[in-house]
Amino acid sequence: MRELDFLSDEIFKRYGTIQRARGCFLYTKKGVRLTDMYQEGGRAILGWGGSSSFMVFKNVLNRGITGTFFTEYDSRIQKAVSKLLASERRVFFYNSKENALKESLAFFSGETSFFRPWENSSIDWSSLPSVILEPPLPWTKDIFILAVKTESPKDFQKIDSGIKINAPMQAAISRSIYNLIKEIQVRKESDWFLYDTVLNAYFERKGPYLYPKIPKEIYDAAIVHFLDSGIVISPDFSNPSIVPFGADLGIFSKLKKNPFKY
């Protein structure tokens, strides 16, 4: 992905390699802490540490069940997604959004929605026959979940089952979804509008998601300018940046002193 390569190169040129990542912060070789508003396209929206998800991954990994056979975690991830969407679901995994969407559209004739937590509270997810979601867990860049419901179990046989996810990763994804369910009850508008005084000049905010007001043709220049201010924004113009939940407003002090002009 050209956009991500561009971002990675620009970070490296300024700050060296990333040594550690916690919460919404990246810690660099040169000792500079960067505020991450890219957050792996939303997969790190709960924080780079993965909370308890990586501990669950390690525990299952230690049991040695890393093959492609069925385990109890196949049903656990299905239960987690069903709880998230407040409806009984079957889940299928794909290695790209395009593949998940293609399969969904073939089966549901266009009735597909992409799940993005907090963005649109008016959607009744339980009523939608087909939903595509990305696990809220770093390290799942190539995993997309298609969550479907149908009246007849036989209908599932028509769906291309996609890829198989091993038990440790299924366990970690399941825990991350339960962690997200918990956070959905905790994070709210008052946690996001705090940053509007600085970010409104550059983004239109929907929940925690920041859609650029900056013209597309100079967006790369904005990425570089924000990086010089210690802030990482989404490298892809079409994918929103994310409010750095829990960060102090002081992280924007350099940007306030030297705003990006367009």
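This section reports on the structure supplied with the text.

Definitions and cut-offs
- Residues numbered from 1 in each chain as written.
- Predicted model: local features only at pLDDT ≥ 70, side-chain atom pairs only at ≥ 80, totals over all residues.
- Heavy atoms only, no water.
- Helix = DSSP H or I, 4+ residues; strand = E, 2+ residues; numbered from the N terminus.
- Rg over C-alpha atoms; globule rule 2.2 N^0.38 Å.
- Buried < 20%, exposed > 50% of the residue type's maximum accessible area, 1.4 Å probe, protein only.
- Contact = heavy atoms within 4.5 Å.
- Areas by Shrake-Rupley, 256 points an atom, 1.4 Å probe, with all protein chains shown as cover.
- Pairing = 2+ DSSP bridges.
- Axes fitted to C-alpha atoms, helices over the stretch in contact; angles between N-to-C directions.
- Phe/Tyr/Trp six-rings, centres within 6.5 Å; stacked < 30°, edge-to-face > 60°.
- Lys NZ or Arg CZ within 6 Å of the ring centre and 35° of its normal.

What follows deals with the overall build of the chain. Regarding its fold elements, the chain presents eight helices and 11 strands. Relative to the globule expectation of 18 Å for 262 residues, the C-alpha radius of gyration of the chain, 19 Å, shows essentially globular dimensions. Based on the C-alpha atoms only, the size of the chain along its principal axes is roughly 60 × 40 × 35 Å. Burial statistics for the chain: of 262 residues in total, 49% are counted as buried. Expressed as a percentage of contacts within the chain between residues at least 6 apart in sequence, the contacts between residues at least 24 apart total 67%. Summed over all atoms, the accessible surface of the chain reaches about 13400 Å², with 52% contributed by carbon and sulfur.

Looking now at the environment of Lys216. Mapped onto the secondary structure, Lys216 falls in the loop between β9 (209–212) and α7 (219–228). On the basis of relative accessible area, Lys216 is assigned to the exposed category, the value being 59%.

Quick look at the sheet that holds strand β2 (residues 25–28) now. Here we have four strands laid out as an open sheet, ordered β1-β2-β3-β10, and mixed in their pairing. The two strands at the open ends of the sheet, each matched to only one other strand, are β1 (18–22) and β10 (231–232). When strand β3 (residues 33–36) meets β10, the two strands line up parallel, connected through two bridges. In the sheet register, Thr35 faces β10, and the bridge partner there is Ile231.

Here the focus is the pairing of strand β6 (residues 130–133). Side chains of β6 alternate between two faces, with Ser130 and Ile132 and Val131 and Leu133 buried alike. Two strands pair when backbone bridges link them, and strand β5 (residues 112–114) and β6 are joined in this way by three bridges, in the parallel orientation. If you follow Phe114 over to β6, its bridge partner there is Ile132. Both β6 and strand β7 (residues 144–148) contribute to a ladder of four bridges, which runs antiparallel. Of the residues in β7, the one forming a bridge with Ile132 is Leu146.

Bringing the sheet that holds β7 into the picture now. Within a sheet, adjacent strands bond to each other through the backbone by hydrogen bonds, running parallel or antiparallel. Read from one edge to the other, the open sheet built from four strands follows the order β4-β7-β6-β5, with strand pairing classed as mixed. Across the chains shown, the open sheet's two edge strands, defined by having one partner strand only, are β4 (90–94) and β5. Strand-to-strand twist across the sheet, computed as the mean angle between neighbouring axes with direction ignored, equals 25 degrees. Relative to the sheet, helix α3 (residues 72–84) contacts β4, β6 and β7, its axis offset from that of β4 by approximately 105 degrees.

What follows deals with the environment of Thr28. The topology assignment puts Thr28 in strand β2. Among the residues examined, Thr28 registers a relative accessible area of 6% and is labelled buried. Sequence separation of Thr28 and Phe12 is 16 residues, and the distance between their C-alpha atoms is 8.8 Å. Setting aside residues no more than four positions away along its own chain, Thr28 makes contact with Tyr15, Thr17, Ile18, Gln19 and Leu34.

As enumerated under the stated definition, the model contains nine aromatic pairs in all. Three or more aromatic residues link up through ring pairs in this structure, and these residues are Phe54, Phe57 and Trp139. One cation-aromatic arrangement involves Arg33 over Phe25; the distance from NZ or CZ to the ring centre is 3.8 Å.

When you line up the elements, Ser130 lands in strand β6. With relative accessibility at 0%, the residue Ser130 sits in the buried group. Setting aside anything within four residues of it in sequence, one finds Ser130 in contact with Arg89, Ser104, Phe108, Glu111, Thr112, Ser113, Leu146, Ala147 and Val148.

This part covers α7. Within α7, the full set of buried residues consists of Tyr219, Ala222, Ile223, His225, Phe226 and Leu227. On its buried side, α7 packs onto α1 (2–15), β8 (203–206), β9, β10, β11 (241–242) and α8 (253–257). Following α7 by one or two positions, Gly230 adopts a phi angle in the positive range, close to 80 degrees.

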